[in-house]
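# What the coordinates show
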Amino acid sequence: MSHTLGIRQAQKQKTRQAFLDAALALLEEQSLSSLGLREVTRAVGVAPTAFYRHFRSTADLGVALVDEALGSLHPMVRTTVSAAGDSEERIARAIELIARHVDAYPAHVRFIARERHGGVQPVREAIQAQLLRFAEEVKAELAKDPEAADWNDDDLLMLAHLYVDQMLITASLFLEALEAPAEERERVTHLATRQLRLITIGRSHWLDRAH
């Protein structure tokens, strides 16, 4: 009996993943707010009623895509601000990790970039929740750096948000340069390096400000 249940569960998961993959492919050319349920089920090759065994709505499907696109990135994001190495090494490591992720998952990056300010509220909220979680994790990582010993929580969180926002900007730039000549990718790398360097310089002098 348990073997049969296991097979059914595996098949259910396979079908659910097929919905996610089909939706992601369709969203390469349109926003989630314009995506029709019948489009997705037709792409998967199932009846529309089958959709509701896995998702309550296309918005629910979109939230699942957010989890798929961002949920596995938390270790990578923490790595980008790890205190290991000097500041230039950390910047180079962060940019390399972001570029590799965009190369490997361009459709996921494009989906997040489009839907972060899109018309489907539950999806916007799911993205925002993930980004807030990233910021809290980056803050915890930054707090391990001896240079942050005298920083207060609010300032550390503000810095964490700056890093998370810059990661998103860098990912978007690499996405735009995905099919571009190598010179364009080098330009993006150079720009991203300068932008992260500016944040790092500001960070090192933040406590110098007048109180």
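A quick note: this is a predicted structure, and the numbers were derived from the prediction, not measured.

## As for the packing of helix α4 (residues 58-70) against helix α8 (residues 121-142)
- Two elements in contact, α4 and α8, have axes separated by 8 Å at closest approach and are oriented at 20°. Classified by the angle between their axes, α4 and α8 sit roughly parallel to one another. Crossing geometry of α4 relative to α8 is assigned as right-handed. Counting all contacts with α4, which are made through A59, G62, V63, V66, D67 and L70, the residues of α8 involved are P122, V123, A126, I127, Q130 and F134.
- Classifying every residue of the contact of α4 with α8 by side-chain character gives 9 nonpolar, 2 polar and 1 charged.

## Quick look at the packing of aromatic side chains
- One pass over the full model with this rule turns up 5 aromatic pairs.
- Put simply, the rings of F19, F51, Y52 and F55 pair up and form one aromatic cluster.

## Let's talk about the packing of α8 against helix α9 (residues 153-176)
- Look at α8 against α9: their axes get within 8 Å of each other, and the N-to-C directions meet at 120°. Compared by their axis directions, α8 and α9 come out oblique. Where α8 crosses over α9, the two elements pack in a sense that is right-handed. Contact with α8, carried on its side by L131, L132, F134, A135, E136, V138, K139 and L142, involves D153, L156, L157, L159, A160, H161, Y163, V164 and L168 of α9 and no other residues of that element.
- Tallied by class, residues from the contact of α8 with α9 come to 13 nonpolar, 1 polar and 3 charged.

## As for the nonpolar core
- Formed by 59 residues in total, the largest nonpolar core has its most connected members in L61, V66, L70, F111, V138, L142 and Y163.
- Ranked by the residues each element gives to this core, the list is headed by α9, at 10 residues.
- With near-sequence residues (within four places) excluded, V138 lies in contact with V77, V81, A160, Y163 and V164.

## With respect to the environment of W151
- Relative to the assigned elements, W151 resides in the loop between α8 and α9.
- Here the alpha-carbon distance between W151 and L207, two residues 56 residues apart in the chain, equals 7.7 Å.
- The residues contacting W151, other than those within four sequence positions of it, are L156, L159, R203, W206 and L207.
- Reaching out from W151, the side chain makes a polar contact with the backbone oxygen of E147 at a distance of 3.5 Å.

## Examining the pattern of salt bridges
- Per the counting criterion, the structure on display carries 11 salt bridges.
- With a shortest N-O distance of 3.1 Å, D103 and R185 are connected by a salt bridge. Of this pair, D103 sits in helix α6 (residues 87-104) while R185 sits in helix α10 (residues 182-205), and the two are 82 residues apart along the sequence.
- According to the relative accessible area criterion, D103 is partly exposed, its value standing at 42%.

## Quick notes on α10
- Here α10 spans 35 Å end to end across 24 residues, near enough to the 34 Å set by a 1.5 Å rise per residue.
- Here α10 has its buried residues at V188, A192, T193, L196, I199, T200 and R203.
- Buried residues in α10 make contact with α6, α8 and α9.

## A short note on the environment of S172
- Within the element layout of this structure, S172 appears in helix α9.
- Expressed as a C-alpha distance, the spacing of S172 and L198, which sit 26 residues apart in the sequence, is 19 Å.

## A few points about the side chain of H74
- Along the chain, the position of H74 falls in helix α5 (residues 74-80).
- We classify H74 as buried; its relative accessible area is 2%.
- A polar atom in the side chain of H74 sits 2.8 Å from the side chain of Q130.
- Engagement of the side chain of H74 in a polar contact is seen with the side chain of R133, the distance being 3.2 Å.
- In this structure, H74 is in contact with Q130, R133, F134 and E137, ignoring residues within four places of it in sequence.

Thresholds, definitions, all that
- Residues numbered from 1 in each chain as written.
- Predicted model: local features only at pLDDT ≥ 70, side-chain atom pairs only at ≥ 80, totals over all residues.
- Heavy atoms only, no water.
- Axes fitted to C-alpha atoms, helices over the stretch in contact; angles between N-to-C directions.
- Helix = DSSP H or I, 4+ residues; strand = E, 2+ residues; numbered from the N terminus.
- Parallel < 35°, antiparallel > 145°, perpendicular 65-115°, else oblique.
- Left-handed = near helix turned anticlockwise from the far one by under 90°.
- Contact = heavy atoms within 4.5 Å.
- Nonpolar A, V, L, I, M, F, W, Y, C, P; charged D, E, K, R; others polar.
- Phe/Tyr/Trp six-rings, centres within 6.5 Å; stacked < 30°, edge-to-face > 60°.
- Core = buried A, V, L, I, M, F, W, Y, C linked by side-chain atoms within 4.5 Å.
- Buried < 20%, exposed > 50% of the residue type's maximum accessible area, 1.4 Å probe, protein only.
- Polar contact = N/O pair within 3.5 Å; in protein donor to acceptor, adjacent residues only side chain to side chain.
- Salt bridge = Lys/Arg side-chain N within 4 Å of Asp/Glu carboxyl O.
- Expected span 1.5 Å × (residues − 1).

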